[in-house]
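Summary of structural features
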Amino acid sequence: MCFMTCFFIWLPEKKDASLCRYPENNLFTLRKKLIPIENLKRPFVKSAFFLPLHLHFSCVSSCDFCVPSRVFFACIQKLSVSLGDINLGRTMAQPLAERMRPKTLDEYIGQKHLVGEGAVLRRMIEAGRISSFILWGPPGVGKTTLAQIVANRLEVPFYTLSAVTSGVKEVREVIEKAKANRFFSQQSPILFIDEIHRFSKSQQDSLLGAVETGVVTLIGATTENPSFEVIRPLLSRCQLYVLKSLEKEDLLELLHLALTKDPILKERQVELKETDTMLRYSGGDARKLLNILELVIESDTANPVVITDEKVVSSLQQNPLAYDKEGEMHYDIVSAFIKSIRGSDPDGALYWLARMVEGGEDPAFIARRLVISASEDIGLANPNALLLANAAFEAVMKIGWPEGRIPLAEATVYLATSPKSNSAYEGINSALELVRQTGNLPVPLHLRNAPTKLMKQLGYGKDYKYAHAYKGNFVKQDFLPEEIRTQRIWHAQDNPSEQKLKERMVSLWGDRFKE
């Protein structure tokens, strides 16, 4: 094999590249695929070559008029640099997660409910016919990989758009290309849109016609709930498949494959002595797990590398928790927090509070939720709960982080251990429903305000009984419109505080408040 240090390639101006008959083989395209020469193994480095190409001779294919391209290949052949050497250099430059990306369904780890033997997606792929679908799941569970496997298996044109960088213009351009390619393929070209939830309504609208008529087969990937982020017309044209975080067994299998199959790691002696911390830090995210493994190995010069929980913690310093303050996980965790309070479980409530605190949640948001819970879930069973929740809110606003976690925890435990009642919450909802059903019923005359003489002459305020003028500061009279005069709205619940309130209502109103 001949040795070398580097290539110098004189590239033409970009504006002249269109003169090439085969633009897909243009050196501009090739240059993106070539690797820095320093990535080649050092024993192969000895001499350098300079390859000048005329301005318009940018093609590296065998165009009839592109003579210098042959010179280019002749030099490559003379150097005897195999594609394997170049691929090895490119591989070395890639992160472990990319090097381990599966190419086939048999290599794919996890999601057995979708791609296991006899599962729905596997049957569709093996049959060679798929319909448009959206993959919904957390990061690092194989959404993009699955889309690429589908395209490779079906051998159809595969277009990729990122919702972060693409707009309606790019969508329409891809659809036009797909229409042109549709003639040559029985199966529609695949359009893969990553982070499809970031597409605006107008961008999603631009996909409807092409998806419905089969111009493209849409595969969307999203980490957010499509019910909220994808427009209904597009959602109705696509199947929805939910991907789950990888299980412990899946993650361990992935670690084993990385150490035995990766061309770089298998040259190192690595012993997985402990894996609990690595698996916990990954959170079911395959990409994160492989990044952690690569970081720990690269930061250790020992041979063999012995991976322990302590070494993982030392390498990472801290575990950045998966918590998106505007995403679905945000709402899932706060939902678990409130439901733990409602369910009178202080341990669960404190755990979910800690998840929010550690994830960087806005303390004011947490405090507001506590105030709401104090009214909705504890309510009249312990009116002091609302006072304590408000006090915690004010304390957090005054002292900030990190001490603000303490009054939040105090209020959380107090609410979780308090007796529960939602009678006020149910009462206002019942009243609202009654208002919607009956409309704007007139206010009874005796309850109306009578600030003028004319209003008094019209009977406003007539026969109103002033409660404080009677014994016990109470007198029976009607306070509801005539049409719903006997309607019951508030119902006391079974707790000591409200039973006392109920007893007083029965003593004042008699049978009306007897259940």
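As a reminder, the structure under discussion sits directly above these lines.
As a starting point, this report considers the structure included with it. Please read these numbers as outputs of a predicted model, since none were measured by experiment.

**Some words on the overall build of the protein chain**
Regarding its fold elements, the protein chain presents 23 helices and nine strands. Scored against the burial criterion, the 515 residues of the protein chain give a buried share of 40%. Considering only residue pairs separated by 6 or more positions, the protein chain has 73% of its internal contacts joining residues 24 or more positions apart.

**Some points on the packing of aromatic side chains**
For the structure shown, the criterion picks out four aromatic pairs. Both rings, one in F158 and one in F192, keep their centres 6.2 Å apart while their planes meet at 15°; by these two values the pair is stacked. Here F158, found in strand β4 (residues 158-162), pairs with F192, found in strand β5 (residues 190-194); they are 34 residues apart in sequence, far enough to count as distant. For F192, a relative accessible area of 2% puts it in the buried group.

**Topic: the pairing of strand β6 (residues 217-222)**
Burial within β6 is extensive, with six of its six residues counted as buried. With burial as the criterion, each face of β6 is covered, one bearing T217, I219 and A221 and the other bearing L218, G220 and T222. Pairing geometry for strand β3 (residues 133-136) and β6, over four bridges, is parallel. From the neighbouring strand, F133 faces β6, where its bridge partner is I219.

**Focus on helix α20 (residues 405-417)**
Under the 1.5 Å per step criterion, the end-to-end length of α20 is 18 Å for 13 residues, consistent within 8% with the ideal 18 Å. For α20, the set of buried residues is P407, L408, A411, T412, L415 and A416. In an axial view of α20, the angular spread of the buried residues amounts to 165°, which keeps them on one side of the axis. Seen from the open side of α20, the exposed residues pointing more than 90 degrees away from its buried face are E410 and T417.

**What to know about the pattern of salt bridges**
Under the criterion given, the structure shown has 15 salt bridges. Close ionic contact of R101 with E98 constitutes a salt bridge, the shortest N to O distance being 3.1 Å. A residue is classified by how much of its surface remains accessible, and E98, at 32% relative accessible area, is partly exposed. We note a salt bridge from R342 to D377, for which the minimum N-O separation is 2.8 Å. Residue R342 is found in helix α16 (residues 328-342), and its partner D377 is found in helix α18 (residues 363-378); the two are separated by 35 residues along the sequence. A relative accessible area of 36% places R342 in the partly exposed class. Look at D377 and you get buried, because its relative accessible area is 6%. The network of salt bridges with shared partners includes D106, E117, R122 and E126.

**Some thoughts on unusual backbone geometry**
The amide bond that connects W401 to the next residue, P402, takes the cis arrangement and shows omega of 0°. When you line up the elements, P402 lands in the loop between α19 (384-399) and α20. The backbone phi angle of D463 is positive, close to 70°, even though this residue is not glycine. Along the chain, D463 falls in the loop between α22 (453-457) and α23 (496-509). A residue is classified by how much of its surface remains accessible, and D463, at 60% relative accessible area, is exposed.

**Concerning the side chain of K143**
Structurally, K143 can be placed in helix α7 (residues 143-154). Buried charge K143 goes without a salt bridge, the closest partner of opposite sign being D194 at 6.4 Å. Every residue in contact with K143, bar those within four places of it in the chain, is listed here: Y108, L135, W136, G137, P138, F192, A221, T222, T223 and L243.

**Quick look at the packing of α18 against α19**
When two helices pack together, you describe them by how their axes are tilted relative to each other and by the distance separating the axes. As a packed pair, α18 and α19 sit with axes 8 Å apart at the nearest point and diverge in direction by 175°. The angle between α18 and α19 falls in the class roughly antiparallel. Contacts between α18 and α19 pair P363, A364, A367, R368, L370, V371, A374, S375 and I378 from the former with A385, L386, A389, N390, F393, V396 and M397 from the latter.

**Examining the environment of L252**
Assignment of secondary structure puts L252 in helix α12 (residues 248-261). C-alpha of L252 to C-alpha of T275: the two residues are 23 residues apart in sequence and 8.3 Å apart in space. In this structure, L252 is in contact with T275 and L279, ignoring residues within four places of it in sequence.

**Observations concerning the sheet that holds β4**
What the five strands build is an open sheet, ordered β4-β5-β6-β3-β7; its pairing is parallel. A strand with exactly one partner marks an edge of an open sheet, and here the two such strands are β4 and β7 (239-242). The average angle at which neighbouring strand axes cross in this sheet is 20°, direction not considered. With five bridges connecting them, β5 and β6 associate as parallel partners. Bridge pairing in β6 places I190 opposite T217. The sheet contacts of α7 involve β3, β4, β5 and β6, and relative to β5 the element is tilted by about 170°.

Calculation rules
Residues numbered from 1 in each chain as written. Predicted model: local features only at pLDDT ≥ 70, side-chain atom pairs only at ≥ 80, totals over all residues. Heavy atoms only, no water. Helix = DSSP H or I, 4+ residues; strand = E, 2+ residues; numbered from the N terminus. Buried < 20%, exposed > 50% of the residue type's maximum accessible area, 1.4 Å probe, protein only. Contact = heavy atoms within 4.5 Å. Phe/Tyr/Trp six-rings, centres within 6.5 Å; stacked < 30°, edge-to-face > 60°. Pairing = 2+ DSSP bridges. Expected span 1.5 Å × (residues − 1). Arc of directions from axis to C-beta. Salt bridge = Lys/Arg side-chain N within 4 Å of Asp/Glu carboxyl O. Lys, Arg positive; Asp, Glu negative; His and termini not counted. Axes fitted to C-alpha atoms, helices over the stretch in contact; angles between N-to-C directions. Parallel < 35°, antiparallel > 145°, perpendicular 65-115°, else oblique.

So yeah, pure geometry; function would need other evidence.
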